[in-house]
Amino acid sequence: MDDIQQVVGPPLPTPNPATLPITFESSVVSSDFSNFYGAQTTVISNPQVTPDNSSTKVGHFLRSGGQSWAQSRIQLTDFMDFSAQSFISMKVYTEAPVGTLLKFKVESTASGAANEKDALTTVSGDWETYYFNFAGDPPVYNVITLMLGYGSVGDAGPNSTFLFDDIQQSYDPASAGISAISEVNGLQYFPNPVHDVLTVSANDNITAIHIYDLLGHEVSVLHPNAQSAAVSVIDFPRGIYVTKIATEDKVSVVKFSVE
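The structure presented is a predicted model; accordingly, all values stated were derived computationally and were not measured.

Looking at the overall build of the protein chain
(1) Moving on: Looking only at helices and strands, the protein chain features 0 helices and 18 strands.
(2) Moving on: Seen through its principal axes, the protein chain has C-alpha atoms that stretch 70 × 50 × 35 Å.
(3) Moving on: Scored against the burial criterion, the 259 residues of the protein chain give a buried share of 43%.
(4) Moving on: By sequence separation, contacts in the protein chain at least 24 residues apart represent 68% of the contacts at least 6 residues apart.
(5) Moving on: Total accessible area on the protein chain is roughly 12,900 Å²; 50% of this is exposed by carbon and sulfur atoms.

Next comes the structure, spelled out in structure tokens:
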């Protein structure tokens, strides 16, 4: 090598504000995202084309070192109005374990106001649509901040890689008959940690309880059709499990540990 010196490089492209819905089939490009704390978002050709997402281009969120709150932001052309469509939905593909935290944050460049919502992944190695409920929030937010895989320092491996697409405002997914993460009324589960029997209860009839290990394998499924259920975990190996609990129109995802 030779002639190592500092030079003035070309100017970085100016990020352009985007308009919802963000589909990546239009004008949104990699330079429209601002990246912080070890995150890097780019727009790439979809490497996981399936019937659930046949888009030719998707967002690619990579966590490579940095901080556990690594994030990418994109500014919008206008402020989001949640008075009618109070949910934001987003398709995500990741090979990270079921129960990985997806944090979706909205911010304001005008006032500094912010709010964030969480969802836990319910599948691994496939596309899924996740919903974030901002009902009651004022129309002051014009920035979207993604913190996918929040809570751990990334290593640029499969567990730190997330594809995302179709960010849009939507109505209550339950009213449209769509399976989505929304709080089951009066949900309780105890004890946690548990040794032998986990009790699950809700105000409405529980139609299904699906339990997954952290590799995404379904280890148990029950259909109690009652407001409470006793789930035997006496044969489960010690560790953390993800449970999807469904009623007629709502689904919650929670974690518990077996000791």
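Still more ground to cover, so stick around.
A look at a nonpolar patch on the surface
(1) Moving on: A cluster of nonpolar side chains, contributed by F36, Y37 and W69, occupies part of the molecular surface with about 290 Å² of accessible area.
(2) Moving on: With respect to the helices and strands, the residue W69 is situated in the loop between β3 (57–65) and β4 (71–75).

Topic: the nonpolar core
(1) Moving on: Residues M90, F104 and F164 are the most contacted members of the largest nonpolar core, which totals 29 residues.
(2) Moving on: The set of elements that each furnish at least two residues to this core consists of β5 (87–94), β6 (101–107), β8 (126–133), β9 (143–148) and β11 (161–170).
(3) Moving on: Counting residues in hydrophobic clusters, the runner-up holds 18 residues, among them L198, I206, I209 and V231.

Description of the sheet that holds β9
(1) Moving on: Read from one edge of the open sheet, 5 strands run β1-β4-β9-β6-β7, paired in antiparallel fashion. Each of the sheet's edge strands pairs with one partner strand only, and the pair in question is β1 (34–36) and β7 (114–120). The sheet shows a mean angle of 20° between the axes of neighbouring strands, taken without regard to direction.
(2) Moving on: Note that β1 and β4 share 3 bridges and pair antiparallel. In the strand pairing of β4, F36 is matched with Q71.

What about the side chain of S72?
(1) Moving on: On the secondary structure map, S72 appears in strand β4.
(2) Moving on: A polar contact is formed between the side chain of S72 and the side chain of N35, at a distance of 2.6 Å.
(3) Moving on: In this structure S72 touches F33, S34, N35, A39, Q40, T41, F61, I144, T145 and L146, once residues within four positions along its chain are discounted.

Some points on the pairing of strand β13 (residues 197–206)
(1) Moving on: Alignment of strand β12 (residues 188–190) against β13, held across 3 bridges, turns out to be antiparallel. Pairing of Y189 across the sheet is with V200, part of β13.
(2) Moving on: Linkage of β12 to β13, two consecutive antiparallel strands, is achieved through a turn of 6 residues.
(3) Moving on: Where β13 and strand β16 (residues 226–232) come together, 6 bridges link them in antiparallel fashion. Of the residues in β16, the one forming a bridge with S201 is S228.

Points about the confidence of the model for the protein chain
(1) Moving on: The predicted model of the protein chain averages 90 in pLDDT, with 95% of residues at 70 or higher.
(2) Moving on: Low pLDDT, under 50, characterises residues 176–181; the stretch is placed with 14 contacts to residues that sit more than four places away or in other chains.

Some words on the side chain of S201
(1) Moving on: Here S201 is to be found in strand β13.
(2) Moving on: Contacts of S201, omitting those with residues within four sequence positions, involve G186, L187, Q188, I206, Q227 and S228.

Rules used in this analysis
- Sequence order as written defines the numbering, with residues in each chain counted from 1.
- Reporting in this predicted model follows two pLDDT cut-offs: at least 70 for local features of residues, and 80 or more for side-chain atom pairs to be given and counted; totals over whole chains, interfaces and linings ignore these cut-offs and use all residues.
- Hydrogens and water molecules were not included; the side-chain quantities draw on all heavy atoms of the structure.
- Secondary structure is summarised from DSSP: a helix means a run of H or I of at least four residues, a strand means a run of E of at least two, and numbering begins at the N terminus for each.
- Here the term buried applies to any residue with accessible area under 20% of the maximum for its type, exposed to any over 50%, and partly exposed to those in between, with areas from a 1.4 Å probe on protein chains only.
- In what follows, residue pairs with any heavy atoms lying within 4.5 Å of each other are defined as contacts.
- Surface accessibility follows the Shrake-Rupley procedure with a 1.4 Å probe radius. Residue values consider only the protein chains on display as shielding.
- To count toward a patch, a residue needs a relative accessible area above 30% and no salt bridge. Like charges then connect within 9 Å, nonpolar side chains (Val, Leu, Ile, Met, Phe, Trp, Tyr) within 5 Å.
- One side-chain nitrogen of Lys or Arg within 4 Å of one carboxyl oxygen of Asp or Glu is enough to make a salt bridge.
- The set of buried Ala, Val, Leu, Ile, Met, Phe, Trp, Tyr and Cys residues whose side-chain atoms join them within 4.5 Å is what this entry labels a nonpolar core.
- Strands are treated as partners if at least two bridges between them are detected by DSSP.
- Note on geometry: axes are C-alpha line fits, over the in-contact stretch for helices, and angles between N-to-C directions span 0 to 180 degrees.
- Two N or O atoms form a polar contact when they lie within 3.5 Å of each other; inside protein one atom must be a possible hydrogen donor and the other a possible acceptor, and for residues adjacent in sequence the pair counts only when both atoms belong to side chains.
- pLDDT is defined as a per-residue confidence score from the predictor, taking values between 0 and 100.

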